[in-house]
Amino acid sequence: MTEVTRGPARATAPEEPPDGGESALTNLTVVPARHPWRWAATAVVLVLAAMAVHALVTNPAWDWPTVGAYLFAPSILRAVALTLQLTVLGIVVGFVLGTVLAVMRLSPNPLLRSVSWTYIWVFRSVPLILQLLFWYNLALLYRSISFGIPFGPAFFEIGTMDLITPVTAAVLGLALHQAAYAAEVVRSGFLGVDQGQLEAAAALGIPRWRRFRRIQLPQAMRTIVPTAANELIGLVKGTSVVYIMALSELFYQVQVIYTRTGRVIPMLLVAAAWYLALTTALSIGQFYVERYYAKGALRVLPPTPIQRLRTAVRRAR
């Protein structure tokens with residue numbers, strides 16, 4: 001028998017790179033994407049913004065000292081307080097009544113649906129200024145308002161002028177007008193919830209109130225909140241319409257001052273600054289309410305302004 005003895009295995013030498021060359025990957029040149037039109041648009045916007053700021057600062061017709069003198073004047077602060085009062089009452093009464101109208105509109109009862117639809121049709125069709133004037137002049141139709149049994153004897157009566165004051169007329173006009181829009185906002189939120197989820201929850205034996213509170217309402221609020229916030233911001237500015245009733249809200253008070261002093265532009269700037277401050281505060285509140293109801297829909301909640309500021313500071317460091 002012949003024994004075959006194998007020698008040690010010969011190691012294979014790695015393949016030598018070509019003469020004078022490095023790896024092909026290291027020879028690649030990374031060229032960042034260029035966006036010339038984006039930079040051009042940015043430059044144009046910066047120039048326009050600088051021109052606007054320069055015009056605001058250098059034009060003496062803006063009369064910034066007068067703006068500063070009247071911005072926190074006692075009469076202006078009282079007018080802002082009345083504007084907030086009208087807004088809060090209008091939005092609370094409007095959305096409570098609007099929710100009732102939305103439930104009536106979704107009811108299987110044809111009478112309730114018809115009454116709700118008619119209310120929404122009428123109050124969305126008539127301009128707000130006409131509704132305010134109607135409530136303000138209600139005493140021309142009814143000298144007194146009686147309370148008692150319907151179509152029966154009255155227990156007592158109150159003069160319409162005593163019951164419907166200018167502030168009450170303003171709140172009624174704003175709230176009833178707002179209820180028509182709030183009803184559609186709430187109804188759209190309820191209709192946006194998948195009915196299959198409610199049917200599945202009912203099949204599992206979950207009580208009706210719990211289905212509404214834990215399943216339907218949180219999802220409906222994601223649709224309701226943005227539109228409701230727009231209505232609220234619109235109502236803040238819409239309170240200026242009550243100037244026709246000689247109520248001393250913000251816009252009316254500004255008119256009184258610039259009629260007396262002749263400082264039209266500065267006083268309009270005062271009103272604009274206060275409206276801007278009020279709507280900004282409401283927009284911040286809208287952000288946090290939307291963030292709260294987004295918990296079940298988003299894996300990661302959007303960062304708050306404070307969180308964004310902290311992140312920017314850490315990156316700067």
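Residues numbered from 1 in each chain as written. Predicted model: local features only at pLDDT ≥ 70, side-chain atom pairs only at ≥ 80, totals over all residues. Heavy atoms only, no water.

## Topic: unusual backbone geometry
Its identity as a non-glycine residue notwithstanding, Asp-63 has a phi of 55°, on the positive side. Secondary-structure assignment places Asp-63 in the loop between helix 1 (36-58) and helix 2 (64-70). Positive phi, close to 60°, is recorded for Ala-246, a residue that is not glycine. By relative accessible area, which is 49% here, Ala-246 ends up partly exposed. (Helix = DSSP H or I, 4+ residues; strand = E, 2+ residues; numbered from the N terminus. Buried < 20%, exposed > 50% of the residue type's maximum accessible area, 1.4 Å probe, protein only.)

## A short note on the UniProt feature "domain: ABC transmembrane type-1" (unreviewed entry) in the chain
In the UniProt entry, the feature "domain: ABC transmembrane type-1" (unreviewed entry) is given for residues 80-286. The distance separating the terminal C-alpha atoms of residues 80-286 is 21 Å; by composition the span is 76% helix and 5% strand. (UniProt positions renumbered as here; feature names shortened; annotations may be inferred.)

## Some details on the pattern of salt bridges
It is possible for side chains bearing opposite charge to pair when their charged atoms get close. In the structure shown here, the tally under the stated rule is three salt bridges. Across the pair Asp-63 and Arg-263 runs a salt bridge whose closest N-O atoms are separated by 3.0 Å. Residue Asp-63 is found in the loop between helix 1 and helix 2, and its partner Arg-263 is found in the loop between helix 10 (250-261) and helix 11 (264-293); the two are separated by 200 residues along the sequence. The exposure class assigned to Asp-63 is buried, which follows from its relative accessible area of 16%. Taking the shortest distance from any N to any O, the salt bridge between Arg-105 and Glu-184 comes out at 3.0 Å. In this pair, Arg-105 is assigned in helix 3 (residues 74-106) and Glu-184 in helix 7 (residues 166-191), connecting sequence segments 79 residues apart. You can call Arg-105 partly exposed: its relative accessible area is 22%. (Salt bridge = Lys/Arg side-chain N within 4 Å of Asp/Glu carboxyl O.)

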